[in-house]
Amino acid sequence: MGDYRVFWGDAHHNTYSAGRTQHPPIDAICREAARHLDFYATAYYTAFAEAFRPGGHPFQNTEKHDLILEGWKEPERLEREWAQVQEACRACYEPGRFVTFPGYEWQGDGSSGDHNVYYLREGHPIIRVRT
């Protein structure tokens, strides 16, 4: 492989997925990643999705369901959770051993699909644009 090195990581681990409580805290996820990976990039989920409700995702059963809508989380919640994601990334970063990338999943108005936005370091905002 010459001058190349292989690094192992996780580049899409959704955190705070629509308020589900079964996820471990983001700092615990980050610490676990540091145990066996070289890098970890969060994919903080910025949307509130009605698909995540008691009984599971609609594809998991045959009952009739309403249309699933996604939208931006409330600004206060978005800022609070984004600050927690960035703090966890900052706390877990170990230069030369474990690299973290704070990032989020952007859906906008849903017309362009999902996109992941990653930063090289903390301190950047979530850009709330529709398209």
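Conventions we followed
Residues numbered from 1 in each chain as written. Predicted model: local features only at pLDDT ≥ 70, side-chain atom pairs only at ≥ 80, totals over all residues. Heavy atoms only, no water. pLDDT = per-residue confidence, 0-100. Helix = DSSP H or I, 4+ residues; strand = E, 2+ residues; numbered from the N terminus. Axes fitted to C-alpha atoms, helices over the stretch in contact; angles between N-to-C directions. Parallel < 35°, antiparallel > 145°, perpendicular 65-115°, else oblique. Left-handed = near helix turned anticlockwise from the far one by under 90°. Contact = heavy atoms within 4.5 Å. Core = buried A, V, L, I, M, F, W, Y, C linked by side-chain atoms within 4.5 Å. Buried < 20%, exposed > 50% of the residue type's maximum accessible area, 1.4 Å probe, protein only. Phe/Tyr/Trp six-rings, centres within 6.5 Å; stacked < 30°, edge-to-face > 60°.

A. Looking closely at the confidence of the model for the protein. On average, residues of the protein carry a pLDDT of 82, and 78% of them reach 70 or more. Confidence, expressed as mean pLDDT per element, reaches its minimum in the protein at strand β3 (residues 47-49) with 72 and its maximum at strand β5 (residues 99-101) with 95.

B. Seen up close, the packing of helix α1 (residues 26-36) against helix α2 (residues 75-92). Here α1 crosses α2 at 30 degrees, and the two axes come no closer than 9 Å. The orientation of α1 relative to α2 falls into the category roughly parallel. α2 is crossed by α1, and the crossing has right-handed handedness. Contacts between α1 and α2 involve Ile-26, Asp-27, Cys-30 and Arg-31 from the first element and Gln-84, Val-85, Ala-88 and Cys-92 from the second.

C. The arrangement of the side chain of Gln-86 in detail. Inspection of the secondary structure assignment puts Gln-86 in helix α2. Leaving out residues up to four positions away in the same chain, Gln-86 has contacts with Pro-102, Glu-122, Gly-123 and His-124.

D. How the structure looks around the nonpolar core. Residues Tyr-40, Tyr-44, Trp-82, Phe-98, Tyr-104 and Ile-126 are the most contacted members of the largest nonpolar core, which totals 18 residues. Broken down by secondary-structure element, the contributors of at least two residues to this core are α1, β2 (39-45), α2 and β6 (103-106). The contacts of Phe-98, once residues within four sequence positions are left out, are Cys-30, Ala-33, Ala-34, Leu-37, Asp-38, Phe-39, Tyr-40, Cys-92 and Tyr-93.

E. Structural detail: the packing of aromatic side chains. Across all of its chains, the model carries five aromatic pairs by this definition. Between Tyr-104 and Tyr-119 the ring centres are 6.4 Å apart and the planes differ by 45 degrees, which places this aromatic pair in the tilted class. Placement of Tyr-104 in strand β6 and of Tyr-119 in the segment after β7 (115-118) is noted, with a sequence separation of 15 residues between them. Of the two residues, Tyr-104 and Tyr-119, both sit in the buried class. A connected cluster of aromatic rings, assembled from ring pairs, spans Tyr-44, Trp-82, Tyr-104 and Tyr-119.

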